[in-house]
Amino acid sequence: MSKTHRTKVIVVGSGPAGLTAAIYAARAALEPILVQGMQPGGQMTITTDVENFPGFADPIQGPWLMEQMTKQAEHVGTRMISDLITKVDTSKRPFVLTGDSGDTYIADSIIISTGAQAKWLGLPSEKKFSGYGVSGCATCDGFFFKNKEVLVIGGGNSAVEEALYLTKLASKVTLMHRRDSLRAEKIGQKRLFENPKVKVIWNHALEEVLGTENPLNVTGAKIKDVNTGTITEIKVDGIFVAIGHKPNTDIFKGTGIKLDEEGYILTKPGTTKTDVPGIFAAGDVQDKIFRQAVTAAGTGCMAALEAQKFLEGHGEAAA
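Residues numbered from 1 in each chain as written. Predicted model: local features only at pLDDT ≥ 70, side-chain atom pairs only at ≥ 80, totals over all residues. Heavy atoms only, no water.

Draft legend 1. Local environment of the packing of helix α5 (residues 157–166) against helix α6 (residues 186–194). At their nearest, the axes of α5 and α6 sit 10 Å apart, and the two run at 35 degrees to each other. In terms of crossing hand, the pair formed by α5 and α6 is left-handed. Where α5 approaches α6, its residues V160, A163 and L164 are matched on the opposing element by G188, Q189, R191 and L192. Residues that form the contact of α5 with α6 fall into these classes: 4 nonpolar, 2 polar and 1 charged. (Axes fitted to C-alpha atoms, helices over the stretch in contact; angles between N-to-C directions. Helix = DSSP H or I, 4+ residues; strand = E, 2+ residues; numbered from the N terminus. Left-handed = near helix turned anticlockwise from the far one by under 90°. Contact = heavy atoms within 4.5 Å. Nonpolar A, V, L, I, M, F, W, Y, C, P; charged D, E, K, R; others polar.)

Structure representation (structure tokens):
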């Protein structure tokens, strides 16, 4: 039987941004509800060693970090609900959200932290070695490939930026694109072509990731010439798939919340405020530049504080 839930602030999404927002909102006595979504914990739950989240001298596991943040949010008063928001009515306040369960959520403010997902090629071997030599984030995992040879796949700004970043760590960076020219900005291309560590392979696509079984570890790649169909093998220690990200914002299209051409939520400069008063966005759903757990957590904090200020301004923050 469907239920109706009433709250001052609802947090949609349960990665670092959403959980941090929930922690701050709960500490402000806003009694937040957090709807966890399809992947509780977000992308961090498929991340293995985390070495760049402040506060931990030794590497920690992504799923463990999300488990701890979830417990912290619950401890300070967040109500966690396992559901997926499928519809949002932003036409008037309080806002009305509908869950896949059939439950209705009525909220005076919304913090959107639904994140974004890296686009993948869809190869079984790519999935098999994900986190074991295959990555979608150079700034997250590049450190593990110090003085090693890596392959970057893609032809846009993301691929060029990832490749250039990796030249500071890897001994050799190969950029592979299925076409004979890049889509990236010219200035980025110039830097790429001028870098002595970079080799570019044109008109090729990844056919299969090669590696060892025990332990799982990437050792190379089968690549296919898209013009001739010829398959060759190259030796690499890591593969970075850089074909873009897709923000999880489909349910917000047509709601009055402005999105950019890629689907990211637009927020007002220096804030997490969307174009709809009372609705805020934090984390990768509005950040296509940094995409780090720590920056997501920072904007989650901002969103909660801004939601508190908004509710106080409308006389709704008091219990």
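Draft legend 2. Focus on the sheet that holds strand β16 (residues 231–235). Spatial strand order, β14-β15-β16: 3 strands in an open sheet with antiparallel pairing. Taken across any chain shown, the strands that pair with only one partner, and hence form the sheet edges, are β14 (204–212) and β16. Put simply, the sheet's adjacent strands are angled 30 degrees from each other on average, direction ignored. One ladder, built from 5 bridges, connects strand β15 (residues 217–225) with β16; its direction is antiparallel. Looking at β16, one finds that K224 is bridged to I231. (Pairing = 2+ DSSP bridges.)

Draft legend 3. Quick look at the state of the cysteines. As enumerated under the stated definition, the model contains 1 disulfide in all. Residue pairing for C137: its cysteine sulfur links by disulfide to C140, the two sulfurs lying 2.2 Å apart. The sign of the S-S torsion, about 70 degrees, decides the handedness of the disulfide formed by C137 and C140: right-handed. For C137, a relative accessible area of 15% gives the class buried. (Disulfide = S-S within 2.5 Å. Buried < 20%, exposed > 50% of the residue type's maximum accessible area, 1.4 Å probe, protein only.)

Draft legend 4. Local environment of unusual backbone geometry. Residue P94 is bonded to the preceding R93 through a cis peptide linkage, with omega at 0 degrees. Turning to its location among the elements, P94 is positioned in the loop between β6 (85–89) and β7 (95–99). With an omega dihedral of 5 degrees, the bond running from N214 to P215 counts as a cis peptide bond. For P215, the location among the structural elements is in the loop between β14 and β15. If you check the backbone angles, E31 has positive phi at about 50 degrees while not being a glycine. Using a relative accessible area of 52% as the deciding quantity, one classes E31 as exposed. Located in the positive-phi region is R291, a residue other than glycine, with phi close to 50 degrees. Turning to its location among the elements, R291 is positioned in the loop between β19 (279–281) and α7 (293–313). According to the relative accessible area criterion, R291 is buried, its value standing at 18%.

On their own, these measurements won't tell you what the molecule is for.
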